[in-house]
Amino acid sequence: MTTPDLPRIVMPSAEAITRAAEQLAAGELVAFPTETVYGLGGDAESPAAVAAIYAAKGRPANHPVIVHFSPDGDPGYWSDDVTPAARKLMDAFWPGPLTLILKRAPHIPDAVSGGQDSVGLRCPSHPVAQALLREFERIKGGQGGVAAPSANRFGQVSPTAAQHVRDEFAGLPGVTVHVLDGGEAAVGIESTIVDLSRGFPALLRPGHITPAQIAEVLGEMPRLPGQDSDAPRASGTLKAHYAPRTPLYLCDAAQFAAALAVHPAGERVAVVAFAPTLAALPVDIAESDGIVKIVLPATPAALATDLYAMLRRLDRANVTHILFERLPDTPAWAAVADRLGRAAAAFERIA
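Note that this is a predicted model, so its numbers are computed, not measured. (Residues numbered from 1 in each chain as written. Predicted model: local features only at pLDDT ≥ 70, side-chain atom pairs only at ≥ 80, totals over all residues. Heavy atoms only, no water.)

**Examining the UniProt feature "domain: YrdC-like" (unreviewed entry) in the chain**
What counts, and what does not: UniProt positions are given in the numbering used here, feature names are shortened, and annotations may be inferred rather than shown by experiment. Elements are defined by DSSP. Helices are runs of H or I of four residues or more, strands are runs of E of two residues or more, and each kind is numbered from the N terminus.
Following the UniProt record, the feature "domain: YrdC-like" (unreviewed entry) maps to residues 14–209 here. For residues 14–209, the helix share is 30%, the strand share is 19%, and the end-to-end C-alpha distance is 31 Å.

**Points about the side chain of Thr 99**
The test is simple: Relative accessible area decides the class of each residue, using a 1.4 Å probe on protein chains only: under 20% of the type maximum gives buried, over 50% gives exposed, and in between gives partly exposed. Whether two residues are in contact is decided by their heavy atoms, any of which lying within 4.5 Å being enough.
Positionally, Thr 99 belongs in strand 4 (residues 98–103). The class for Thr 99 is buried, based on a relative accessible area of 0%. Not counting the four nearest positions on each side in its chain, Thr 99 is found in contact with Ile 66, Gly 120, Leu 121, Arg 122, Ser 191, Thr 192, Ile 193 and Val 194.

**A short note on the packing of helix 1 (residues 14–25) against helix 5 (residues 127–140)**
Think of two packed helices as two axes; the pair is described by the angle between the axes and how far apart they sit. For clarity, the threshold we go by: The convention used is that axes are lines fitted to C-alpha atoms, helices contributing only their stretch in contact, and that angles between N-to-C directions extend from 0 to 180 degrees. Between 65 and 115 degrees an angle is taken as roughly perpendicular, under 35 as roughly parallel, over 145 as roughly antiparallel, and anywhere else as oblique. In this scheme the crossing of two helices becomes right-handed for a clockwise turn of the near helix relative to the far one and left-handed for an anticlockwise turn of less than a right angle.
Where helix 1 meets helix 5, the closest approach of the two axes is 9 Å, and the angle between their N-to-C directions is 55°. Relative to helix 5, the element helix 1 is oriented oblique. Seen along the crossing, helix 1 lies across helix 5 with a hand that is right-handed. Taken together, the residues of helix 5 that come into contact with helix 1 (itself represented by Ile 17, Thr 18, Ala 20, Ala 21, Glu 22, Leu 24 and Ala 25) are Ala 131, Leu 132, Glu 135, Phe 136 and Ile 139.

**Considering unusual backbone geometry**
Pro 95 follows Trp 94 through a cis peptide bond whose omega is -10°. Tracing the sequence through the fold places Pro 95 in the loop between helix 4 (84–93) and strand 4. Residue Asn 318 is not a glycine yet carries a positive backbone phi of 60°. Inspection of the secondary structure assignment puts Asn 318 in the loop between helix 11 (300–315) and strand 13 (321–325).

**Quick word on the pairing of strand 1 (residues 29–33)**
Which entries qualify depends on this criterion: A pair of strands is considered paired only if DSSP assigns at least 2 bridges between the two.
With 5 of 5 residues buried, strand 1 lies mostly within the body of the structure. Of the two faces of strand 1, the one holding Leu 29, Ala 31 and Pro 33 and the one holding Val 30 and Phe 32 are both buried throughout. As paired elements, strand 1 and strand 7 (residues 177–179) share 3 bridges and run parallel to each other. Paired with Val 30 across the bridge in strand 7 is His 178. Across 4 bridges, the pairing between strand 1 and strand 2 (residues 38–43) is antiparallel. Each residue of the ladder has a partner; that of Val 30, found in strand 2, is Gly 41. Counted between consecutive antiparallel strands, the loop separating strand 1 from strand 2 contains 4 residues.

**Digging into the pattern of salt bridges**
Note the following rule: Throughout this description, the term salt bridge denotes a Lys or Arg side-chain nitrogen within 4 Å of a carboxyl oxygen of Asp or Glu.
One pass over the structure, following the stated rule, counts 12 salt bridges. Across the pair Arg 339 and Glu 190 runs a salt bridge whose closest N-O atoms are separated by 2.9 Å. Residue Arg 339 is found in helix 12 (residues 334–345), and its partner Glu 190 is found in the loop between strand 7 and strand 8 (192–195); the two are separated by 149 residues along the sequence. The two residues Arg 339 and Glu 190 agree in class, both being buried. The closest approach of N and O atoms between Asp 195 and Arg 198, which form a salt bridge, is 2.6 Å.

**Description of the UniProt feature "binding site: L-threonine" (unreviewed entry) in the chain**
Sites flagged by UniProt as "binding site: L-threonine" (unreviewed entry) map to Thr 36, His 68, Arg 122, Ala 148 and Ser 191. For this annotated set, covering 156 residues, all C-alpha atoms fall within 12.6 Å of each other, a compact arrangement in space. Topologically, His 68 is positioned in strand 3 (residues 66–68). Assessed through its relative accessible area of 4%, His 68 is described here as buried. Among residues more than four places away in sequence, those in contact with His 68 are Thr 34, Arg 122, Pro 124, Leu 133, Gly 144, Gly 145, Val 146 and Ala 148.

The following block contains the structure:
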């Protein structure tokens, strides 16, 4: 299996963007691209539209979603406590892959926050997302936000291309999702989530924007996951998440030969590992017809871009399970390692 070309952006026609915005305004669901992954969008101020998102995804009603708006939008419309720290992070990283958790304004329905008094806000940088959000705001006559968790069934692999969304929801009874094709997502994993709703910064989900970058802007390091038991619920923070349909297990580099030596004859196993690990496999294992070898990219950014597409390809590769090399335990790899750890947790056993 080969690594795909660099992500491409496709700009839909103005008519297609207007049609998608009109569908949102009518309470329908529209999947659209962001720089991270595709989002399953609905009018954030319509409890019925938000309920339709939850139903389509099979998502628990107490699991919050994130409100997206354009660079022209006013975060003060959504939160009645936009703190100086929030303004600093907005100035530094918006538009971009950063979600901020702030106190929810009283007029904003609590459906978007799973019944909590906070709300997740994001201003994406993808040009198609920005065009859609601006047109939706125009139709709404001012402020307009789109609630948009990842456009996949709850707990499964997030989509980074329009066809992933179509595949995900095809044939689901009673579910209609309009898809606005904007090409492939460049970042490839979900946004960094920082909570500022309690008087201090706390990282709830790692992403492309790192704790060190946040600390550089704020002058203090955010609390890290595992240090904050009272954190509000946030998207993508369950122990098991982002899982392919094919069982996935994590392996240390030294474990691969032993794990593969005992796999039953006739089974095909995918081995996803760095080049030195694959080169160290015994020749009889490495050349076996039952082994599908994939070389991991050498950088975390390259892996993040292709990770979810890779897992979807492996789901179609007729393999019984996936053995994935553990990623380096360093800050640079933390976000993509977080996604892999949650994917493996869905299968209970880590090899």
